[in-house]
Every structure is written in structure tokens, then in C-alpha cells.
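Residue-level structural notes
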Amino acid sequence: MTLMELGDALGERICSRWPDRIIYRDVCPADFERPSFFLQMTRAEASDANALLQGWDAEWSLEIFDEKDDDYVSSSERLMETQ
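Residues numbered from 1 in each chain as written. Predicted model: local features only at pLDDT ≥ 70, side-chain atom pairs only at ≥ 80, totals over all residues. Heavy atoms only, no water.

With respect to the environment of Phe-37
Here Phe-37 is to be found in strand β2 (residues 36–48). Taking relative accessible area as the criterion, Phe-37 reaches 1% and is therefore assigned buried. Beyond its immediate chain neighbours, meaning those up to four positions away, Phe-37 contacts Ile-14, Trp-18, Arg-21, Ile-22, Ile-23, Tyr-24, Leu-62, Glu-63, Ile-64 and Thr-82. (Helix = DSSP H or I, 4+ residues; strand = E, 2+ residues; numbered from the N terminus. Buried < 20%, exposed > 50% of the residue type's maximum accessible area, 1.4 Å probe, protein only. Contact = heavy atoms within 4.5 Å.)

A word on the state of the cysteines
Within the structure shown, the criterion is met by zero disulfides. We note that Cys-15 lacks a disulfide partner, and the nearest cysteine sulfur, in Cys-28, lies 15 Å from it. On the basis of relative accessible area, Cys-28 is assigned to the partly exposed category, the value being 24%. (Disulfide = S-S within 2.5 Å.)

A look at the packing of aromatic side chains
Tallying each qualifying case throughout the model produces two aromatic pairs. Taking 5.2 Å as the distance between ring centres and 55° as the angle between the ring planes, the aromatic pair formed by Trp-18 and Phe-37 counts as tilted. Residue Trp-18 is found in the loop between α1 (3–17) and β1 (22–25), and its partner Phe-37 is found in strand β2; the two are separated by 19 residues along the sequence. Look at Phe-32 and Phe-65: their rings are 4.3 Å apart centre to centre, the planes differ by 40°, and that puts the pair in the tilted class. Residue Phe-32 is located in the loop between β1 and β2, and its partner Phe-65 is located in strand β3 (residues 54–65); the two are separated by 33 residues in the primary sequence. (Phe/Tyr/Trp six-rings, centres within 6.5 Å; stacked < 30°, edge-to-face > 60°.)

If you want it as C-alpha cells, here you go:
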């Protein structure tokens, strides 16, 4: 499994739970839609597992964007429910 395949699997899992939300990958545009998610790989380090295999240690970050009110504030309660 590659890191790209793992990122795709994370995105698919999120989509299966929240099919009505957009998931932005790697780049989140300035005019992004809400509610949505921003999934980004933040770290990846390779290591030799043995003479033929390579291991990876990676981290992804997921930002949750909910609807906002007139003061440009999202509900902390809804964000925690999504989290």
C-alpha cells in the first residue's frame, strides 16, 4: 500500500460517513465551501524494514469546517459532534 492509497482510503472513509460534504486534499482554496473537510499529509518518513521492504511512518491532519453564522463563527458543539 502506498501513502497515496492510504490517503485515498482515509478520504473514502470520511466520505462514507459524511457523503454531503466536500473533502479538500492537499490544498484548501481560499473560497472553500462549508461544511467541508481538509485532509492533508503532514509528515512522511521512510525507513528500511529489511533488504526488500520499506516502511513508512506518516501523519495526516483533518480540519473540519462547519457552517458559520453572521459573525463568521461555527458552532463548537456541532464541530465536537463531527469530531
